[in-house]
Structures are given as structure tokens and as C-alpha cells.
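Survey of secondary and tertiary structure
Letter by letter, the chains look like this.
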Amino acid sequence: RVRQRLRSRGKILQLKQTHYEPKPEGYVPLPLSLMSSGPIRRMVRSETHEGNQLLDHVDWSAYLCDVPGVRWHPCGGWRVQFHRCSWEHDYYVRCSCFFRIDHYGFRKSKEMAIAYRKRLEFEWEEQVKSR
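Residues numbered from 1 in each chain as written. Predicted model: local features only at pLDDT ≥ 70, side-chain atom pairs only at ≥ 80, totals over all residues. Heavy atoms only, no water.

1. Some remarks on the nonpolar core
Applicable threshold: The term nonpolar core refers to a set of buried residues drawn from Ala, Val, Leu, Ile, Met, Phe, Trp, Tyr and Cys, joined through side-chain atoms within 4.5 Å. Only protein chains enter the accessibility calculation, which uses a 1.4 Å probe; a residue whose area is less than 20% of its type maximum is buried, one above 50% is exposed, and one in between is partly exposed. Starting at the N terminus, helices and strands are each numbered in turn, a helix being any DSSP run of H or I of at least four residues and a strand any DSSP run of E of at least two. Residue contacts are defined here by distance: any two heavy atoms, one from each residue, within 4.5 Å place the two residues in contact.
Counting residues in hydrophobic clusters, the biggest one holds 17 residues, and the most contacted among them are Leu34, Trp60, Val70, Val80, Phe82 and Ala113. Among the elements of the structure, strand 1 (70–73), strand 2 (77–86), strand 3 (91–100) and helix 5 (106–130) are those that each provide at least two residues to this core. Setting aside its immediate chain neighbours within four residues, Leu34 contacts Ile40, Trp60, Tyr63 and Trp72.

2. Section: the packing of aromatic side chains
Note the threshold: Within 6.5 Å between ring centres, the rings of Phe, Tyr and Trp (the latter by its six-membered ring) count as paired, and their orientation is classed by plane angle as stacked under 30 degrees, edge-to-face over 60, tilted in between. Whether a charge lies above a ring is judged from NZ of Lys or CZ of Arg, which has to be within 6 Å of the ring centre and within 35 degrees of the ring normal.
In total, this model carries 10 aromatic pairs according to the counting rule given. Relative to Phe106, the ring of Tyr63 lies with its centre 5.3 Å away and its plane at 70°, an arrangement referred to as edge-to-face. Here Tyr63, found in the loop between helix 3 (49–56) and strand 1, pairs with Phe106, found in helix 5; they are 43 residues apart in sequence, far enough to count as distant. According to the relative accessible area criterion, Phe106 is partly exposed, its value standing at 21%. Relative to Tyr92, the ring of Trp87 has its centre 5.3 Å away and its plane inclined at 70°; by these criteria the two rings are edge-to-face. Using a relative accessible area of 63% as the deciding quantity, one classes Trp87 as exposed. Through a chain of ring-to-ring contacts, three or more aromatic side chains come together here, namely Trp60, Tyr63, Trp72, Trp78 and Phe106. The ring of Tyr27 has Lys23 lying over it, and the distance from NZ or CZ to the ring centre is 5.6 Å.

Worth remembering: the numbers are spatial, not functional.
Structure below.
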């Protein structure tokens with residue numbers, strides 16, 4: 001049976017608090033999906049000299065995408081999400097597609113994901129105009 005120590009029983013233990021430091025100008029955080037990938041998470045959280053050297057060589061901006069609905073997925077590919085509803089016409093579209101880097105390569109899969117997302121938006125606009 002697990003028991004809590006008498007002096008800390010019933011108290012909420014807080015993590016170590018640190019002072020707030022404002023983010024620098026132009027700071028863009030890394031996508032949370034990057035930290036969902038086990039090897040990357042272990043490398044970021046390990047504070048070894050070798051891990052820090054490897055992190056310096058990673059181009060983190062390659063994992064960011066300016067197109068809404070396109071993001072890096074921890075399965076090892078780019079994910080496209082598209083969801084639109086037209087309630088008055090009873091018309092719904094929900095699409096989720098993965099472009100894996102082991103099939104197409106990193107850059108090509110990112111380009112294909114962006115092109116597919118733009119195609120979905122274009123087709124939605126055509127559908128709305130035709131009704």
C-alpha cells in the first residue's frame with residue numbers, strides 16, 4: 001500500500017518555480033508535435049554535451065509551416081487537415097491526410113501537403129460558388 005509522508009500529506013506539491021523571462025522579439029515556438037516524437041523529445045530533454053551538439057545542427061524552421069491546416073506529425077510525415085460545413089446546404093467536408101517522408105522525402109512531402117491543402121480550399125470555394 002502506498003502512503004504519503006506525514007508532513008506532506010494533503011498538500012499539493014509544486015514544481016520548482018523559476019523567474020519569468022520574456023520571450024525575445026520574433027520568437028516562434030516549436031510545434032508541440034515535435035515533442036511527441038520519442039527520439040527528438042529524448043534529445044531535447046537530455047542535457048548531455050553530445051545531445052546539445054546534435055540539436056545545434058537541426059534546422060527547426062523546416063518543421064514549421066505557414067499554411068493553416070498543414071503541420072508536422074510525430075508519425076514521421078506532414079498532416080493536412082480540412083474541415084468545412086455549409087449548414088444551409090447540408091454539406092460537410094472533413095478531410096485528414098498524411099504525407100509520409102519515408103515515401104516522398106521531407107521536402108517533397110511538405111510541398112505535396114501544402115499543394116493538397118490549397119487544392120481542397122480551391123475546390124471548396126468552387127463548391128460554394130456553384131450553389
